[in-house]
Amino acid sequence: MAAKIGTGTTITFGTSGFTAEIVGISIDGVKRESIDITHLATPVAGAGEVGSREKIPGKHVDPGQLKLTCHYDPNTEPPIQGAKEEVTVTYPLEEGELTAATEQGDAFVVDVGVEVPLEDKMTRQITIERSGPWTRTASTS
């Protein structure tokens, strides 16, 4: 796998149509639960062993959050009070590709912050909570 450059990545909000000049995207918090099934008869670790708790993986995966850093425009407000809507992340079209890779699913804005520094650009941080299954579609050549 070759390294890829993020320039050209876009996010589309299906219902609200919110847009912003995005300078960075972080996708984090994708996780599933670890269920502890240790019981009173579980053997304790012996010499040269570490750990004795037994666990099984949960069936549901939390799709995590999208964290955006954008140029701050005080005349534009993210849909912080909006309902869930379809959100699509489209990655840059690479040379030789016919279609770009995407991630798509339901999401909603849960946090909005602003930074106003001295002698530097103002930025806005937007946290988007992903909900339910998200579909990843690979690019095609």
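All values derive from a computational prediction rather than experimental measurement.

1. Digging into the sheet that holds strand β7 (residues 102-115)
Read across the open sheet, the six strands follow the order β1-β6-β7-β8-β5-β2; overall the sheet is antiparallel. Two strands close off the open sheet at either side, each with one partner strand: β1 (10-13) and β2 (22-28). Each strand axis lies, on average, 35 degrees off the axis of its neighbour in the sheet, ignoring direction. Relative to β7, strand β6 (residues 85-90) is paired through six bridges, and the arrangement is antiparallel. For Thr-88, the partnering residue across the bridge sits in β7 and is Gln-104.

2. Comments concerning the pattern of salt bridges
For the structure shown, the criterion picks out six salt bridges. A salt bridge links Lys-4 to Glu-97, with the nearest nitrogen and oxygen atoms 3.7 Å apart. One end of the pair, Lys-4, is in the segment before β1; the other, Glu-97, is in the loop between β6 and β7, and 93 residues separate them in sequence. For Glu-97, a relative accessible area of 14% corresponds to the buried category. The network of salt bridges with shared partners includes Glu-103, Arg-130 and Arg-136.

3. Here's the deal with the nonpolar core
Ile-11, Phe-13, Leu-66, Leu-68, Val-87, Ile-126 and Ile-128 are the most contacted members of the largest nonpolar core, which totals 13 residues. Among the elements of the structure, β1, β5 (65-71), β6, β7 and β8 (123-137) are those that each provide at least two residues to this core. Not counting residues up to four positions away in its chain, the partners in contact with Phe-13 are Phe-18, Pro-79, Glu-85, Glu-86, Val-87, Val-109 and Ile-128.

4. Overview of the layout of surface pockets
Approximately 370 Å³ is the volume found for the largest pocket. What lines the largest pocket is a set of 21 residues, among which Ile-5, Gly-6, Thr-9, Tyr-91 and Pro-92 lie closest to the centre. Ranked by the residues each element gives to the lining of the largest pocket, the list is headed by β2, at five residues. Broken down by class, the residue content of the lining of the largest pocket amounts to twelve nonpolar, six polar and three charged.

Criteria and thresholds
- Residues numbered from 1 in each chain as written.
- Predicted model: local features only at pLDDT ≥ 70, side-chain atom pairs only at ≥ 80, totals over all residues.
- Heavy atoms only, no water.
- Pairing = 2+ DSSP bridges.
- Helix = DSSP H or I, 4+ residues; strand = E, 2+ residues; numbered from the N terminus.
- Axes fitted to C-alpha atoms, helices over the stretch in contact; angles between N-to-C directions.
- Salt bridge = Lys/Arg side-chain N within 4 Å of Asp/Glu carboxyl O.
- Buried < 20%, exposed > 50% of the residue type's maximum accessible area, 1.4 Å probe, protein only.
- Core = buried A, V, L, I, M, F, W, Y, C linked by side-chain atoms within 4.5 Å.
- Contact = heavy atoms within 4.5 Å.
- 1 Å grid on protein atoms, 1.4 Å probe; cavity = no way out; pocket = protein on both sides within 12 Å on 5 of 7 lines; lining within 4 Å.
- Points joined across faces, edges and corners; volume = space filled by probe spheres on them.
- Nonpolar A, V, L, I, M, F, W, Y, C, P; charged D, E, K, R; others polar.

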